[in-house]
Amino acid sequence: MILVTTAGKVGAETVSLLRDRGMPVRVLVRNPAKAAALAEAGAEIAEGDLDMPATIDEAMTGVSAVVLVSPAVPAQELNVVASAARAGVGHVVKATSKASADSPIARRRWQAEIEAGLAARGIPHTLLRSNAYMQNVLALAPAIASSSSFGSAARNGRFGLVDARDVAAVAAKIAASPAPHAGQTYWLTGPGLVSNYDVAAVLSKQLGRTIAYRELTLEANTAAMIKAGVPEQIAQMNAQAFSLAADGDAEWITDDVPSLLGRPARSFEQFVSDYATAFS
Ligand SMILES: NC(=O)c1ccc[n+]([C@@H]2O[C@H](COP(=O)([O-])OP(=O)(O)OC[C@H]3O[C@@H](n4cnc5c(N)ncnc54)[C@H](OP(=O)(O)O)[C@@H]3O)[C@@H](O)[C@H]2O)c1
């Protein structure tokens, strides 16, 4: 049995792909109603909360591998790691980012803390250190629909944007057959570097109207995200990451996705085409 915690962008797709492979899979969610499609696909739904260790222990019963993907709050993910250690789980696949103990961005320090906690437990594991997800662009859809424009503190910085569905495909593949991936760190990206000017151009072509991109200060970007409903701390961390990207921090691509999956990583054009209805 493979346990996936939780059912966000990467987790839900990982569960679907594992079911496509006929693997027994359980998914820990706070709200089972949101996971109805996954239940329909044959996944076991474990109602639980990452802040409640007893619910994680219950979901961990009979589990051989865990895919750990959640908002990366150390106390929560380390609860999963501790539960996996208690249950003698054989492998953990951890979704992470450019983790670093001395990063100016709290989320990256948290990822480093979780990675260190996982290593300290001695559980065989694989780190999926991804560049920014293409799906982040979906958060801009309301602004694009109402104003045909969007802004960011990333200025003209480029990202090795990766489709979260490809991150999930890698997670599913490794969880299904983890042994060769123990101790490995993969750096997951899409096939090319994409700036927000490129994002605007691809969206303009797809939507058949001009979508404009505006360079914002870090403060204006933070305020815009808070206005759009992003919690303040997350808006601050996102804007910090965009601002670092303006100076080339996200300008990296690798062949890890095609090497692991045996097919090309999805391009940003493919992503926009697949999600066209979300932007129109
Ligand atoms: N976004 C990026 O560009 C990017 C890039 C690289 C790495 N990452 C990493 O990817 C991970 C996030 O993956 P994602 O984007 O797939 O996640 P996501 O879509 O944000 O989903 C997070 C999920 O966690 C669930 N959750 C939150 N608190 C919970 C709790 N206390 N108990 C149980 N479930 C809880 C949420 O459930 P509800 O539906 O109940 O709220 C939601 O389904 C993080 O480690 C992040 O750092 C992200």
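Residues numbered from 1 in each chain as written. Predicted model: local features only at pLDDT ≥ 70, side-chain atom pairs only at ≥ 80, totals over all residues. Heavy atoms only, no water.

A.B. asks: What am I meant to see in the site of the ligand here?
C.D. replies: The environment of the ligand is formed by 24 residues, the closest being Val10, Arg30, Lys34, Gln111 and Asn136. In the environment of the ligand, an oxygen atom lies 3.2 Å from a nitrogen or oxygen atom belonging to the backbone of serine 70. Between a nitrogen atom of the ligand and a side-chain N or O atom of glutamine 76, the distance comes to 3.4 Å. Contact with the protein chains hides 81% of the accessible area of the ligand, taken as 940 Å² for the molecule alone. Looking at the shell around the ligand, the elements with two or more residues in it are helix 1 (9–20) and strand 5 (91–96). Classifying every residue of the shell around the ligand gives 9 nonpolar, 10 polar and 5 charged. (Near = heavy atom within 4 Å. Polar contact = N/O pair within 3.5 Å; in protein donor to acceptor, adjacent residues only side chain to side chain. Areas by Shrake-Rupley, 256 points an atom, 1.4 Å probe, with all protein chains shown as cover. Helix = DSSP H or I, 4+ residues; strand = E, 2+ residues; numbered from the N terminus. Nonpolar A, V, L, I, M, F, W, Y, C, P; charged D, E, K, R; others polar.)

A.B. asks: Is there a simple way to think about the pattern of salt bridges in this case?
C.D. replies: Side chains that differ in sign of charge can pair as their charged atoms come close. Counted under the stated rule, the structure contains 12 salt bridges. The salt bridge involving glutamate 44 is made with arginine 26; its shortest N-O contact spans 2.7 Å. Taken together, the residues span a long stretch of sequence, with glutamate 44 in strand 3 (residues 44–47) and arginine 26 in strand 2 (residues 25–29) at a distance of 18 residues. A relative accessible area of 11% means that arginine 26 is categorised as buried. Between glutamate 115 and arginine 129 there is a salt bridge, and its shortest N-O distance comes to 2.5 Å. One end of the pair, glutamate 115, is in helix 5 (residues 106–121); the other, arginine 129, is in strand 6 (residues 125–130), with 14 residues separating them in the sequence. One exposure class covers both glutamate 115 and arginine 129, and it is buried. Where salt bridges share partners, they join Lys98, Arg108 and Asp249 into one cluster. (Salt bridge = Lys/Arg side-chain N within 4 Å of Asp/Glu carboxyl O. Buried < 20%, exposed > 50% of the residue type's maximum accessible area, 1.4 Å probe, protein only.)

In short, the description is geometric, and any link to function would need to be established separately.
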